[in-house]
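Chain residues, written in single-letter form:
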Amino acid sequence: MKHSITFKKQLSEAVYMIKVRAPLIAEGRKAGQFVMVMIDEDFGERIPLTIADADVAEGTITLIFQIVGQTTQEMSKLNVGDALAVVVGPLGTPTHIKKFGKVVCVGGGIGIAPLHPIAQALAKAGNEVTTIIGARDKSLIILEEEMQSIANNFIVCTDDGSAGRKGLVTEPLEEICKQDKPDMVIAIGPPIMMKFCALTTKPYNVKTLVSLNSIMVDGTGMCGGCRVDIGDQVKFVCVDGPEFDGHLVNWDNMIARLNAFKPCESNCRMHKAADKKAEEYK
Amino acid sequence: MSYICPQDLNVKAKEVFADLNNKQDSLKAKERMQIPLQEMPVLEPKQRGTNQEEVAIGFTKEQAMVEAMRCIQCKNKPCIKGCPVGLKIPDFICKIAEGDFQAAADIIQQDSLLPAICGRVCPQENQCQLYCTVGKSLKDIDKAVGIGRLERFVADWQRKNKTAVIPTIAKETGKKIAVIGSGPAGLVVSADCRRAGHDVTLFEAFHKLGGVMRYGIPEFRLPNDIVDYEIANLDKMGVKIVKNFVVGKTRTIEQLKSIDGFDAIFIGTGAGLPIFMGIEGENLIGVFAANEYLTRANLMRAYDTEHADTPMFKSKKVAVLGGGNVAMDASRMALRLGAEEVNVIYRRTIAEMPARKEEVAHAQEEGVNFLELQNVKRILGDKDSKVRALEIVCYELGEPDNSGRRRPVEIKNSEFEIEMDTVIVAIGNGSNPLVTQTTPKLKTDKRGNVIVDEAGATSIEGVFAGGDIVLGAATVILAMGEGRKAAKAINKYLKN
């Protein structure tokens, strides 16, 4: 299978959107699932990327990635007509989609990409969707139109106020919880953002899903590298997740584990990702 | 066992060979049993501990012939019964003794698809060699004929001399078979079903073939080139190979039947689910399942820091928990990746370890420490959530348990701390749930292993299973034996 790139667009300084041929994955994928990608079969690393969208007729899936390490750096240089060496999936447990009632979808930075198909599916299932997206500044807001088109209420936040409201996504989230308690919240973004979203909703007892992006090698439950504490249980993000109850996640351990390979000199994508995301959210 | 360099082993073998070669035909059983056992030549321990080169070098021609002469060609041939694929052991050994290596290779090929692999990683001391009459007569199982070493010699000779022939394929039947997983079980099923003329597609979730032989067993014990070579034969036979395809996710079993039109399916997805100890501190930074540690190093080639993108954790003091072959592989890999100190921690003593004696000896030679009668109670972290130390508790051996091994009993108040920065958990694997979770009709036991009948048929018609997904974590050769059985059943099923 040749995973040719059929479309490429730069969404912000370090964020790219590509469409890749993968007909079986396009057909089978559900909101919340991801693929493992490699750019070189011999020495490349396997990186998890959420499936942002799919076109069954065209046989393509949409991937959105941020340059954070060697693999994403090289991926950003590929053009239409080039191909990815490996795209395998769809992996992970799909989001449980049903009519909850009022749901709030919170997306931060690159996390808006995986949130998009979920918000789409929730809207389609008849939920009243409020969407809050945020980033450091205006240039880092991605998929604004797409997200707005599927939301009943739409709020943009930036740290510097260059777009929408000035401030963190947790502020409007708290207001909503206070004024008109939602039936469910789903938050996807940097771990620190998800942690604080979970902390925000907890006093209001609002079920809050988060999508974790742990370090993985195989993505099929084999290596155990992505394990997280969920309540008193150990779960694997790749097969049990990536979505979990945000109130049960041991955030400190989860965030610490993202830094596991930090002292290694090699190109460790994940730690750079975590750093950058944390930085972005500060 | 002290180290003897390969040259010296060969000089000795040549002397013995010169003495015996002319009187081979007249050798009596008693005389044969007096021929000195040929040791496997290996790389010098200190030198090999720094690289991924294969440790065991393999017999020379003379060593192989001398070792083959030790076989007394007994009538009962108990060794064959000990082999899961029923290799005609005395026959091929006889040909080696005669110096007719091609004939030996031809005999092996009738029953084994992967002799270069089996000769290297089979636990022969628990199988063919366990029953060897020579070993029994000498009252020492370690003195049995070196069947595995001889098998490897023949396979390597054949590979080097490029004399392998592609097995004949029966007339195309037009029946489609999907084989899931390219580990030892899947490879055997693919070959055996293809030989019967079926249209076989082999699916692999990873980007490289071989299953546990690729991601688990390290290069220094089983070189990837050998795995590649043995798999290339399948390709030549016309087996279709599809990598990066996760059955259960990319397609379910049901879809393979209904949409893709497969007439029969074999599940050989292995035991890829790491088991943890369930103790405090197991999620600290620096704690790895052996699966992750070895997959990074082997499949992702992280040992090659110059080329590989996948990072490897930098360790100084490593603790490996467990006493099986995986624990040996992980500890020896950690040494090769530059750890200053590697300690295998085991509740019983070395004598009770499930690892092969040879692997334990190799690890010891290379400088791995063995902390016997000890177990980890807690893993202690520092302020950055990194492993800092282990709390160890001591054991003594009590009465034998169901497995016949003496049960380890905790000694009260014997806890102490040792400094470590890395912990590798190698206490076993469960079955990978990806296929079973998405195939509700597939019956499994409480461990998640697929339930099959004697022939390897599952609860779903036309779906068969074998290898570790049925057995729980076992060995390459047992998986191959299971594959052979299942292939027979599949071929029979498709005839009806």
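Just so it is clear, the structure is predicted and the values come from calculations on it, not from any experiment. (Residues numbered from 1 in each chain as written. Chains lettered and ligands numbered in written order. Predicted model: local features only at pLDDT ≥ 70, side-chain atom pairs only at ≥ 80, totals over all residues.)

1. A short note on the overall build of chain B
Phase 1: Helix and strand counts for chain B stand at 20 helices and 16 strands.
Phase 2: By the compact-globule yardstick of 23 Å for 496 residues, chain B fits well, its C-alpha radius of gyration being 23 Å.
Phase 3: Along the first, second and third principal axes, the C-alpha set of chain B runs to 70 × 65 × 50 Å.
Phase 4: Within the span of chain B, comprising 496 residues, buried residues form 53% of the whole.
Phase 5: For chain B, restricting intrachain contacts to residue pairs at least 6 apart in sequence, the fraction spanning at least 24 positions comes to 71%. (Helix = DSSP H or I, 4+ residues; strand = E, 2+ residues; numbered from the N terminus. Rg over C-alpha atoms; globule rule 2.2 N^0.38 Å. Buried ≥ 20, exposed ≤ 12 C-beta atoms within 10 Å, placed from the backbone. Contact = placed C-beta atoms within 7 Å.)

2. Comments concerning the overall build of chain A
Phase 1: Helix and strand content of chain A: 9 helices and 16 strands.
Phase 2: By the compact-globule yardstick of 19 Å for 282 residues, chain A fits well, its C-alpha radius of gyration being 18 Å.
Phase 3: By residue count, 55% of the 282 residues in chain A fall in the buried class.
Phase 4: Long-range pairs, those at least 24 residues apart, make up 64% of the contacts in chain A between residues at least 6 apart in sequence.

3. Some points on the interface of chain A and chain B
Phase 1: With 36 residues of chain A at the contact, the number on the chain B side is 34 residues.
Phase 2: Listing elements by their share of the side of chain A that touches chain B, those giving two or more residues are α1 (23–28), α2 (70–77), β7 (86–91), β14 (227–230) and α8 (251–258) of chain A.
Phase 3: Among the elements that make up the side of chain A that touches chain B, the one with the highest residue count is β7(A) (5 residues).

4. Considerations on the sheet that holds β7(A)
Residues and elements named next belong to chain A.
Phase 1: If you walk across this open sheet you meet the 7 strands as β6-β1-β2-β5-β4-β3-β7, and the pairing is antiparallel. Where the open sheet ends on each side, the last strands, each with one partner, are β6 (83–84) and β7.
Phase 2: Across 2 bridges, the pairing between strand β1 (residues 3–12) and β6 is antiparallel. Directly across from serine 4, in β6, lies its bridge partner alanine 83.
Phase 3: Running over the sheet, helix α3 (residues 112–124) touches β4 (47–55) and β5 (60–66) and is turned about 40° from β4. (Pairing = 2+ DSSP bridges. Axes fitted to C-alpha atoms, helices over the stretch in contact; angles between N-to-C directions.)

5. With respect to the domain arrangement of chain B
Residues and elements named next belong to chain B.
Phase 1: For chain B, the domain assignment lists domain 1 (6–161), domain 2 (176–272 + 430–495) and domain 3 (276–427).
Phase 2: When each unit is reduced to the centre of its C-alpha atoms, the spacing between domain 1 and domain 2 is 30 Å.
Phase 3: Across the boundary between the two partners, domain 1 contributes 18 residues, which contact 22 residues of domain 2.
Phase 4: Looking at which element gives the most residues to the side of domain 1 that touches domain 2, the answer is helix α8 (residues 115–121), with 5 residues.
Phase 5: Taken together, the residues of the side of domain 1 that touches domain 2 break down into 11 nonpolar, 2 polar and 5 charged. (Domains from an automatic or database assignment. Nonpolar A, V, L, I, M, F, W, Y, C, P; charged D, E, K, R; others polar.)

6. Examining α8(A)
Phase 1: Buried residues of α8(A): A:Met254, A:Arg257 and A:Leu258, and no others. End-on view of α8(A): buried residues confined to an arc of 110°, all on one side of the axis. (Arc of directions from axis to C-beta.)

7. Describing the domain arrangement of chain A
In many reports, interface size means the accessible area that the parts give up when they come together.
Residue and element names in this part refer to chain A.
Phase 1: We note that the domain assignment places domain 1 (3–91) and domain 2 (102–258) within chain A.
Phase 2: Centre-to-centre separation of domain 1 and domain 2, based on C-alpha positions: 21 Å.
Phase 3: Every contact between the two is made by 17 residues of domain 1 and, on the other side, 20 residues of domain 2.
Phase 4: Of all the elements in the fold, those that place two or more residues in the side of domain 1 that touches domain 2 are β1, β3 (34–38), β4 and β5.
Phase 5: By residue number, the principal contributor to the side of domain 1 that touches domain 2 is β4, which donates 5 residues.
Phase 6: Residue composition of the side of domain 1 that touches domain 2, by class: 10 nonpolar, 4 polar and 3 charged.

8. Focus on the environment of B:Ala361
Residues and elements named next belong to chain B.
Phase 1: Assignment of secondary structure puts alanine 361 in helix α17 (residues 357–366).
Phase 2: Exposure remark for alanine 361: the 15 C-beta atoms within 10 Å place this residue in the partly exposed category.
Phase 3: For the pair alanine 361 and arginine 214, spaced 147 residues apart in the sequence, the C-alpha separation amounts to 23 Å.

9. What to know about the sheet that holds strand β1 (residues 176–180) of chain B
Residues and elements named next belong to chain B.
Phase 1: Pairing in this open sheet of 5 strands is parallel, and the strands run β3-β2-β1-β4-β16 from one edge to the other. Of all strands in the sheet, those with a lone pairing partner are β3 (240–242) and β16 (463–465), marking the two edges. Each strand of the sheet is rotated relative to its neighbour by a mean of 20°, with strand direction disregarded.
Phase 2: Where strand β4 (residues 264–267) and β16 come together, 3 bridges link them in parallel fashion.

10. As for the packing of helix α1 (residues 6–20) of chain B against helix α4 (residues 61–69) of chain B
Residue and element names in this part refer to chain B.
Phase 1: Axis separation between α1 and α4 bottoms out at 8 Å; the angle between their running directions is 55°. Between α1 and α4, the interaxial angle falls into the category oblique. As α1 runs across α4, the sense of the crossing is left-handed. Along its contact with α1, which presents Leu9, Asn10, Ala13, Lys14, Val16, Phe17 and Leu20, the element α4 presents Glu62, Gln63, Met65, Val66 and Met69. (Parallel < 35°, antiparallel > 145°, perpendicular 65-115°, else oblique. Left-handed = near helix turned anticlockwise from the far one by under 90°.)

11. Some points on the pairing of strand β10 (residues 153–158) of chain A
Residue and element names in this part refer to chain A.
Phase 1: Bridge analysis of strand β9 (residues 128–135) against β10 gives 6 bridges, and the strand direction is parallel. Looking at β10, one finds that glycine 134 is bridged to cysteine 157.
Phase 2: Pairing analysis gives 2 bridges linking β10 to strand β11 (residues 165–166), with the strands arranged parallel. Following the sheet pairing, threonine 158 is matched in β11 by lysine 166.

12. Looking at the nonpolar core
Phase 1: In terms of nonpolar packing, the biggest core is built from 234 residues, with B:Ile96, B:Val154, B:Phe266, B:Val320, B:Ala330 and B:Ile424 touching the most fellow members.
Phase 2: Each residue touching B:Phe266, except ones within four places of it in the same chain, is listed here: B:Ile177, B:Val179, B:Ile180, B:Gly186, B:Val189, B:Phe464, B:Ala465, B:Gly466, B:Ala486 and B:Ile490. (Core = buried A, V, L, I, M, F, W, Y, C linked by C-beta atoms within 7 Å.)

13. A look at the confidence of the model for chain B
Phase 1: For chain B, the mean per-residue pLDDT works out to 93, and 100% of the residues sit at or above 70.
Phase 2: Model confidence for the complex: the whole-complex pTM is 0.91, and ipTM, which rates the interface, is 0.89. (pLDDT = per-residue confidence, 0-100.)

14. Some points on α2(A)
In an α-helix, one full turn covers 3.6 residues, which means residues spaced three or four apart are oriented alike.
Phase 1: Taken together, the buried positions of α2(A) are occupied by A:Thr71, A:Thr72 and A:Met75. The buried residues of α2(A) all sit within an arc of 90° when viewed along its axis, so they share a single face.

15. A few points about the packing of α4(B) against helix α6 (residues 89–98) of chain B
Residue and element names in this part refer to chain B.
Phase 1: Contact geometry for α4 and α6: axes closest at 8 Å, N-to-C directions at 130°. By the angle between their axes, α4 is oblique relative to α6. Considering the relative orientation of α4 and α6, their crossing is left-handed. Residues Ala64, Met65, Ala68 and Met69 of α4 form the contact with α6, whose participating residues are Ile93, Ile96 and Ala97.

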